[in-house]
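# Observations on chain architecture
What follows is the residue order along each chain.
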Amino acid sequence: MNFLEERILRDGIVKEGNVLKVDSFLNHQMDIALMDQMGEEFCHRFAGKKVTKVLTIEASGIAIACSVARCFGVPVVFAKKSKSINIDGDMYVAEVESFTHKNKNQVIVSKKFLSADDQVLIIDDFLANGCALQGLISIVESAGATVAGLGIAIEKGFQIGGQVIRNLGYHLESLAIVEAMNAADGTVTFRPQA
Ligand code: 5GP
C-alpha cells in the first residue's frame, strides 16, 4: 500500500453517492508534505517526458499541480470555472459537468498561457466520470498543444473515467485507484498497483 492509500484509509470518509471525502488533507485543509510527496511521485512516474506546463482546474487540483510543477521547473496554469457566457475570444473554453455539484461550468484558460508548442501535463485531485479531464484535454487541443500525460491523485476505478481516458490512448497515472467503497461500513479497497 502506498502513502496516499494509507492516508485515505486513515482519514478519508466514504459518503453516500460514491463520494470520498478527503477534506482533512487534500481539498479543504491541505497537508503540504503530502502534496510534495505526490509531486515527487508524479515526477518519477512521468520522468523522461518533456513537460513545459502543468495544467489543472480550480480549486483542489492547484496544490498538487504546484508540487508537480516545482519538480519539473515549469509554470502551473489552472482552468478557471466561470458561469459567465460573456467569454471573449482570448480564452479557450470547455464545458465541464461537476461530479460533486451536478452543475455545468464553463472552464476557461487565457490563450496567453497555452500555445501550440506546449507539452502539457494535466493534474487533478479526483477522477470519476472523466468530465473534468476531458474538458482539460479539449482545452489543450484547442491550443494545438500536446498532452504529455495525466496525473490523478485518487481515481475511483468503479466509475468510467479512467477507462475512457486510457482507451483514448493517453498516459494516465493515478496514485490511488479505489476499486470499491462502502458508505455503510466506511470500507475502501484499492486496485493493486505494480
Ligand atoms: P469527473 O469529472 O471525473 O466526473 O470528476 C472529477 C472532479 O469531481 C474532480 O475534479 C473532483 O473535484 C470531483 N470529484 C469527483 N469525485 C469525487 C469524490 O469522490 N470526492 C471529492 N472530494 N471530489 C470528487
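The model shown is predicted, which means the values in this text are computed figures rather than measured ones. (Residues numbered from 1 in each chain as written. Predicted model: local features only at pLDDT ≥ 70, side-chain atom pairs only at ≥ 80, totals over all residues. Heavy atoms only, no water.)

## Some thoughts on the packing of helix 1 (residues 3-11) against helix 2 (residues 32-45)
Running from N to C, helix 1 and helix 2 cross one another at 145°; their axes reach a closest spacing of 10 Å. Taken together, the residues of helix 2 that come into contact with helix 1 (itself represented by F3, L4 and R7) are L34, Q37, M38 and E41. Taken together, the residues that form the contact of helix 1 with helix 2 break down as 4 nonpolar, 1 polar and 2 charged. (Axes fitted to C-alpha atoms, helices over the stretch in contact; angles between N-to-C directions. Helix = DSSP H or I, 4+ residues; strand = E, 2+ residues; numbered from the N terminus. Contact = heavy atoms within 4.5 Å. Nonpolar A, V, L, I, M, F, W, Y, C, P; charged D, E, K, R; others polar.)

## A word on the packing of aromatic side chains
Counted under the stated rule, the structure contains 1 aromatic pair. Ring centres 6.5 Å apart and planes at 25° place the aromatic pair F42 and F46 in the stacked group. With a relative accessible area of 0%, F42 lands in the buried category. (Phe/Tyr/Trp six-rings, centres within 6.5 Å; stacked < 30°, edge-to-face > 60°. Buried < 20%, exposed > 50% of the residue type's maximum accessible area, 1.4 Å probe, protein only.)

## Side note on the site of the ligand
Contacts to the ligand come from 16 residues, most closely from L20, A128, N129, G130 and K156. Here N27 contributes a side-chain N or O atom positioned 3.4 Å from a nitrogen atom of the ligand. At 2.7 Å from an oxygen atom of the ligand is found a main-chain nitrogen or oxygen belonging to G130. Contributions of two or more residues to the shell around the ligand are made by strand 2 (19-21), strand 7 (119-127) and helix 4 (131-142). It is strand 7 that contributes the most residues to the shell around the ligand, 4 residues altogether. Looking at side-chain class alone, the shell around the ligand contains 8 nonpolar, 5 polar and 3 charged residues. (Near = heavy atom within 4 Å. Polar contact = N/O pair within 3.5 Å; in protein donor to acceptor, adjacent residues only side chain to side chain.)

## Some remarks on the pattern of salt bridges
It is possible for side chains bearing opposite charge to pair when their charged atoms get close. According to the stated counting rule, one finds 10 salt bridges in the structure shown. The residue K21 makes a salt bridge to D23 at a minimum N-O spacing of 3.2 Å. Here D118 makes a salt bridge to K53, at a shortest N to O gap of 3.5 Å. With a gap of 65 residues between them, D118 in the loop between strand 6 (104-110) and strand 7 and K53 in strand 3 (residues 53-57) connect regions that are remote in the sequence. Of the two residues, D118 and K53, neither departs from the other in class, the shared state being buried. A single network of salt bridges, built from pairs that share partners, joins R7, R10, D11 and D31. (Salt bridge = Lys/Arg side-chain N within 4 Å of Asp/Glu carboxyl O.)

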